[in-house]
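Architecture and fold: a report
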Amino acid sequence: MTANTDKQSRPGMTFGRTNEFTLFFKVKPGHGKQIREVFERPGFEERRKEMSARIGTLHDARWVLFDDDTRLMFATNFDGDWDAYIDDFAAQIPEIFDTILEHTEDYPGIKAPNIKDHIVAHQATACSYFRTIPNATVKDLQKALRVQDAFQRLLDEAN
């Protein structure tokens, strides 16, 4: 299955400066257990969180096995350009995707030349997408938290 990866045809909705991103994959027969085992490996979640933080545009991420472990969903919200986002995954955390998605049908590998076509073929655009803070990027939110922490320290020191 090949999709047109012309930038004008990128799936996903935008709200403010953030995009929704949802992928659906067919799990290879009997591989649901292996996917669950990946997430249960000691230290995997900590490593995934650490590595995902390298992608400075990623708001959140979730993986969901459903339909009796025959389907897998990956959903995120991100700031900026779709192509740059995919490039970041390939450059920053390729082993996370390969370790999980090798258990899905026809997965070519995150560094494959046709990976963007594969992703577009598995991406579904939301029917509706909403954020409570539409114009705040990950960097904006991190800065606001640093300012809040500094302000709280000043208040604590004043007491």
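Each remark here, short or long, concerns the structure printed above.
Residues numbered from 1 in each chain as written. Predicted model: local features only at pLDDT ≥ 70, side-chain atom pairs only at ≥ 80, totals over all residues. Heavy atoms only, no water.

1. Description of the pairing of strand β3 (residues 58–66)
In the case of a regular strand, side chains alternate between the two sheet surfaces. As a reminder of what qualifies: If DSSP finds at least two bridges between two strands, the strands pair. Helix numbers and strand numbers start at the N terminus; a helix is a DSSP run of H or I with at least 4 residues, a strand a run of E with at least 2.
Of the strand pairs in this sheet, β3 and strand β4 (residues 71–79) are connected by eight bridges, and their pairing is antiparallel. Considered in β4, the bridge of V64 is made with M73. As consecutive antiparallel partners, β3 and β4 are separated by four residues, and within that stretch D67 has a phi angle of approximately 50°, a positive value.

2. Some words on the pattern of salt bridges
Two side chains bearing opposite charge may form a pair once their charged atoms approach each other closely. Going by this rule: Only one rule defines a salt bridge in this text: a Lys or Arg side-chain nitrogen within 4 Å of an Asp or Glu carboxyl oxygen.
Scanning the model with the defined rule gives nine salt bridges in all. D60 serves as the salt-bridge partner of R62, at 2.4 Å between the closest nitrogen and oxygen. When salt bridges that share partners are traced, they join R10, D83, D87 and K116 into one network.

3. Structural notes on the nonpolar core
Spelled out, the test is: Joining through side-chain atoms within 4.5 Å is the link that ties buried Ala, Val, Leu, Ile, Met, Phe, Trp, Tyr and Cys residues into a set, and such a set is a nonpolar core. Accessible area is worked out with a 1.4 Å probe on protein chains only. A residue is then buried under 20% of its type maximum, exposed over 50%, and partly exposed in between. Contacts between residues were defined by any pair of non-hydrogen atoms, one from each residue, lying within 4.5 Å.
Grouped together as the largest cluster of nonpolar side chains are 30 residues, with contacts concentrated most on F21, L72, Y85, F97, I100 and L101. Elements that contribute at least two residues to this core include exactly β2 (18–26), α1 (32–40), α2 (44–52), β3, β4, α3 (82–92), α4 (94–101) and α5 (115–122). Looking at this core element by element, the count peaks at five residues for α3. Those residues in contact with Y85, other than ones at most four positions away along the chain, are F21, I55, T57, L58, T76, N77 and F78.

4. Some points on α1
Selection rule: To be clear, the arc concerns the directions from the helix axis to the C-beta atoms.
Within α1, the full set of buried residues consists of G32, I35 and V38. Summarising the axial view, the buried residues of α1 lie within an arc of 115°, below the 170-degree limit, and thus occupy one face. Exposed and facing more than 90 degrees away from the buried side of α1 are K33 and E40. Among the structural elements, α2, β3, β4 and α4 are those in contact with the buried residues of α1.

5. Concerning the sheet that holds β4
The four strands are arranged β1-β2-β4-β3 in an open sheet whose pairing can be described as antiparallel. Single-partner strands in this sheet number two, and they are β1 (14–15) and β3. Pairing of β2 with β4 involves nine bridges; the strand directions are antiparallel. Note that in β4 the partner of T22 across the bridge is A75.

6. Side note on the environment of M13
Of note, M13 is situated in the segment before β1. On the basis of relative accessible area, M13 is assigned to the partly exposed category, the value being 29%. Sequence-wise, M13 and H122 are 109 residues apart; in three dimensions their C-alpha atoms are separated by 15 Å. Dropping the residues within four chain positions of it, M13 is found in contact with T18, N19, E20, T125, A126, C127, S128 and Y129.

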